[in-house]
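The chain contents come next:
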Amino acid sequence: MEIKHVMVIGAGQMGSGIAQVCAQSGFHVKLNDISEEALQKGLAGIEKNLNRSVEKGRMSEEDKQNTLNRLQTTTSLQDASDCDLVIEAVIENMDIKTKVFKELDQITPEHAILASNTSSLPITEIAAVTNRPEKVIGMHFMNPVPVMKLVEIIRGLATSDETYKAIEDMTKALNKTPVEVNDFPGFVSNRVLMPMINEAIYTVYEGVATPEAVDEVMKLGMNHPMGPLTLADFIGLDTCLYIMEVLYEGFGDSKYRPCPLLRKYVKAGWLGRKTGRGFYVYDN
């Protein structure tokens, strides 16, 4: 099937990034959120990114304008009625996601593919609330979306080969690299990354080293571009905790138990960059 019209649900950092790369690649995009304020904030972020690309000579003013012309905003899910693909990028909460998918199943055309940008939740469970589980799939983009090349494509238990191929082709059209992953907690990226971040937090919790020292060891010793605690602050400590809880519940293995210090920081509201404080203090 050919994908031309796309709706992205959620105008936050991930959703607006996904909408931007889709519009840049020639797709007609509807960016959806529950509030006009969220939509305008998301749109402002997209314009800022595009302006930066123009300033750096990566994009012409005409291409920027064409990208923006392919973007429209909406607060109504009913506007998905003519879409070939819907990519959901709402908060990482199963109840909210399944509610959205139930509604989309009623609104979208029969041929439409429903994709989730979830970073850890089971695609099979999301698909089960629809009458088209064969057309439900995971498209896990990396943050920041306009920069990062990887998209984990997650097959649910019932996802058809036709659906997978359509999403693989679209991912390539976005100038991204698709990697096929089966439906297990955390998929590949977060199953490997989050326990590393959690272990880095344990080294601080147990007094082995300071956050600065842990990050220096991983940057200089392991050639990581960013230390795990800086990365945790960038992702959001609440998100890190949520994914660790999904892994711990999904596998029942103590190696995925979230560090008590991570829980304490989240309870304190120290969530990282977005709140101005996590393992480091930020001037927001």
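Rules and cut-offs
- Residues numbered from 1 in each chain as written.
- Predicted model: local features only at pLDDT ≥ 70, side-chain atom pairs only at ≥ 80, totals over all residues.
- Heavy atoms only, no water.
- Phe/Tyr/Trp six-rings, centres within 6.5 Å; stacked < 30°, edge-to-face > 60°.
- Lys NZ or Arg CZ within 6 Å of the ring centre and 35° of its normal.
- Helix = DSSP H or I, 4+ residues; strand = E, 2+ residues; numbered from the N terminus.
- Expected span 1.5 Å × (residues − 1).
- Buried < 20%, exposed > 50% of the residue type's maximum accessible area, 1.4 Å probe, protein only.
- Domains from an automatic or database assignment.
- Contact = heavy atoms within 4.5 Å.
- Buried area = accessible area lost by both parts, 1.4 Å probe.
- Salt bridge = Lys/Arg side-chain N within 4 Å of Asp/Glu carboxyl O.
- Polar contact = N/O pair within 3.5 Å; in protein donor to acceptor, adjacent residues only side chain to side chain.
- Nonpolar A, V, L, I, M, F, W, Y, C, P; charged D, E, K, R; others polar.

**As for the packing of aromatic side chains**
So, point 1. In this structure the tally under the stated criterion is 4 aromatic pairs.
So, point 2. With centroids separated by 5.1 Å and ring planes inclined at 65°, the aromatic side chains of Y265 and W270 adopt a geometry described as edge-to-face.
So, point 3. Looking at R155, its charged tip hangs above the ring of Y164, at a distance of 4.6 Å from the centre.
So, point 4. Sitting above the plane of the W270 ring, R277 keeps its charged end 3.8 Å from the centroid.

**Considerations on helix α10 (residues 237–251)**
So, point 1. In this model α10 runs 21 Å from its N-terminal to its C-terminal C-alpha over 15 residues, within 8% of the 21 Å that 1.5 Å per residue would give.
So, point 2. Of the residues making up α10, those classed as buried are L237, C240, L241, I243, M244, V246 and L247.
So, point 3. Trailing α10 by a residue or two, G252 shows a phi angle of about 65°, which is positive.

**Thoughts on the domain arrangement of the chain**
Interface size, as often reported, equals the accessible area lost upon joining of the parts.
So, point 1. Partitioning the chain into domains gives domain 1 (5–182) and domain 2 (190–274).
So, point 2. Contact with domain 1, which involves 9 residues of that partner, is made by 5 residues of domain 2.
So, point 3. Here domain 1 and domain 2 share an interface that buries about 550 Å² over both sides, 57% of which is from carbon and sulfur atoms.
So, point 4. The three residues of domain 1 that bury the most area against domain 2 are E92, S119 and S120, which together make up 54% of that side's buried surface.
So, point 5. Our enumeration of links across domain 1 and domain 2 arrives at 0 salt bridges.
So, point 6. For the pair domain 1 and domain 2, the number of links is 2 residue pairs in polar contact (both at pLDDT 80 or more).
So, point 7. When grouped by side-chain class, the residues that make up the side of domain 1 that touches domain 2 number 3 nonpolar, 5 polar and 1 charged.

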